[in-house]
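Architecture at a glance
The primary structure of each chain is shown beneath.
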Amino acid sequence: MGTDLFAIFGNPVSHSKSPLMHNLAFKGLGYDGCYNRYRLEDGSKLKETFFALKLKGINITVPHKEHAYAACDELDPFAKKVGAVNTIIEKERKLYGYNTDAPGFLKTISEFGDVKTVLFLGAGGTAQSTSAILRDEGYDVTILNRSAGRLEKFAQNGFTTATFETFIPETYDLVINMTSAGLEDDDLPAPEALLNTVIPPAQACVDVIYGKKTPFLKLAQSHGKPTKDGSDMLLYQGIIAFEHFTEHRYTFDAIKSYMQKAFIL
Ligand code: NDP
């Protein structure tokens, strides 16, 4: 048996922390594995690329999560429900697909303790999988988005939805930026006046963007709110993916002890 090979597929992938996270855990735990990055331009070539590179498992990031879903022979029930796969493992020439973004996010949120009502700013792919898991766990999720198009699916699934124009604010325990506003610009995810209504009564604010203090988190802190960026979500989705890669040989906390070093280097 040689070294087990893993990779992250995406476009772009040069910024991804996943190789560092997984390689730190392989080394620390003494597992003979190696994790690389692969810029995949054509998502429809995902399966043939996977086999050509002789991989045992991959993570998939933007923009290939739907292609990853389509490439799998078997789907975990939750991945099937949300239609997005970010982790694939190969067993006997068959590809098994999982979604670890959503359980990673759930763990991040569960660390806040007494939270029941959550306001999502944004209705993209990440909002879709994470809202489903939060609701399954009993949270009450409202989805607010700048435009109506992406809200339709959420409304059909029974979520309370609104655009900035139709929003009637209530009190939310958590306010979460699920948009890419602030990632490569200095935008807030919603008009400042609206945010200044929902942030003060909240217990805390969360951003899924990691590695920088976004305008949203700065505003939340100016209101004296505890905040969390997307680093824990990234770490936790990686730990859960690693559990699949290594067939549940290690505990969550053992993996975490090595993988979290990627965030302090
Ligand atoms: P999508 O492209 O699927 O959705 C983008 C969403 O953001 C849409 O609702 C869009 O609204 C909204 N949006 C974009 N720009 C603005 C803006 N300037 N003002 C208001 N709303 C805006 O993105 P994803 O769901 O894939 O990703 C969302 C974020 O989550 C990204 O920043 C990504 O980096 C982060 N992420 C973090 C992870 C982690 O591990 N920490 C994991 C996965 C994602 P509209 O419908 O009107 O266009």
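Described in the following lines is the structure provided in the data block. As a convention, each chain's residues are numbered from 1 in the sequence order in which they are written. In keeping with the predicted nature of the model, local features appear solely for residues at pLDDT of at least 70, side-chain atom pairs appear and are counted solely at 80 or more, and the whole-chain, interface and lining totals rest on all residues. Side-chain measures were taken over the full set of non-hydrogen atoms in the model, leaving aside hydrogen atoms and water.

1. Considerations on the site of the ligand
What counts, and what does not: Only a single heavy atom is needed: when it lies within 4 Å of a molecule or strand, its residue is near that molecule or strand. Whenever two N or O atoms come within 3.5 Å, that pair is a polar contact, provided that in protein one can donate a hydrogen and the other can accept it, and provided that, for residues adjacent in sequence, both atoms are side-chain atoms. Methods summary: accessible areas were calculated by the Shrake-Rupley approach with a probe of 1.4 Å, and residue burial reflects only the protein chains presented. Numbering of helices and strands runs from the N terminus; a helix is a DSSP stretch of H or I covering at least four residues, while a strand is a stretch of E covering at least two.
Lining the immediate environment of the ligand, one finds 23 residues, of which Thr 126, Asn 145, Arg 146, Ser 147 and Arg 150 sit closest. Note that an oxygen atom of the ligand is positioned 3.4 Å from one of the backbone N or O atoms of Thr 179. Take Asp 187: an N or O atom from its side chain is 3.3 Å from a nitrogen atom of the ligand. When isolated, the ligand has an accessible area of 940 Å², and the protein chains bury 81% of it. Within the residue set of the shell around the ligand, elements represented by two or more residues are helix H6 (125–136) and helix H10 (231–245).

2. Overview of the sheet that holds strand S11 (residues 204–207)
Rules: Should DSSP find at least two bridges between two strands, the strands are taken to pair. Working rule for contacts: check all heavy atoms of both residues, and any pair within 4.5 Å makes them a contact. Under this scheme, a helix contributes an axis fitted over its contacting stretch, all axes are lines through C-alpha atoms, and angles between N-to-C directions fall in the 0 to 180 degree range.
Strand order in this open sheet of 6 strands is S9-S8-S7-S10-S11-S12, and the pairing throughout is parallel. Sheet topology places strand S9 (160–163) and strand S12 (227–228) at the edges, where each strand pairs with a single neighbour. In this structure, strand S7 (residues 117–121) lies alongside strand S10 (residues 174–177), joined through 4 bridges in parallel fashion. By the bridge assignment, Leu 121 is partnered in S10 with Asn 177. The strands touched by helix H9 (residues 215–222) are S7, S10, S11 and S12; relative to S11, the strand with the most contacts, the crossing angle is about 170 degrees.

3. Here's the deal with the sheet that holds strand S5 (residues 87–91)
In space, the 6 strands of this open sheet follow the order S2-S1-S3-S5-S6-S4, with mixed pairing throughout. Taken across any chain shown, the strands that pair with only one partner, and hence form the sheet edges, are strand S2 (33–39) and strand S4 (74–75). For strand S3 (residues 57–60) and S5, the ladder comprises 3 bridges, and the chain directions are antiparallel. Looking at the pairing, Gly 57 lines up with Ile 89 of S5. Against the sheet, helix H1 (residues 18–29) contacts strand S1 (4–10), S2 and S3, and its axis sits at roughly 170 degrees relative to S2. Sitting on the sheet, H10 is in contact with S1, S2, S3, S5 and strand S6 (94–98), with an inclination near 5 degrees to S5.

4. A short note on the pairing of S7
Using the following cut-off: Relative accessibility under 20% of the residue-type maximum defines a buried residue, over 50% an exposed one, and the middle range a partly exposed one, all with a 1.4 Å probe and only protein chains included. With the strands aimed away from the viewer, a crossover counts as right-handed if its path from the first strand over the helix to the second runs clockwise.
The buried fraction of S7 amounts to 5 of the 5 residues, a majority that puts the element mostly inside the structure. A two-sided burial pattern is seen for S7, the buried positions comprising Thr 117, Leu 119 and Leu 121 on one face and Val 118 and Phe 120 on the other. Here S7 pairs with strand S8 (residues 140–145) via 5 bridges, running parallel. Following the sheet pairing, Thr 117 is matched in S8 by Asp 140. Crossover connection from S7 via H6 to parallel S8: handedness right-handed.

Everything listed is a geometric property; what it means functionally is a separate question.
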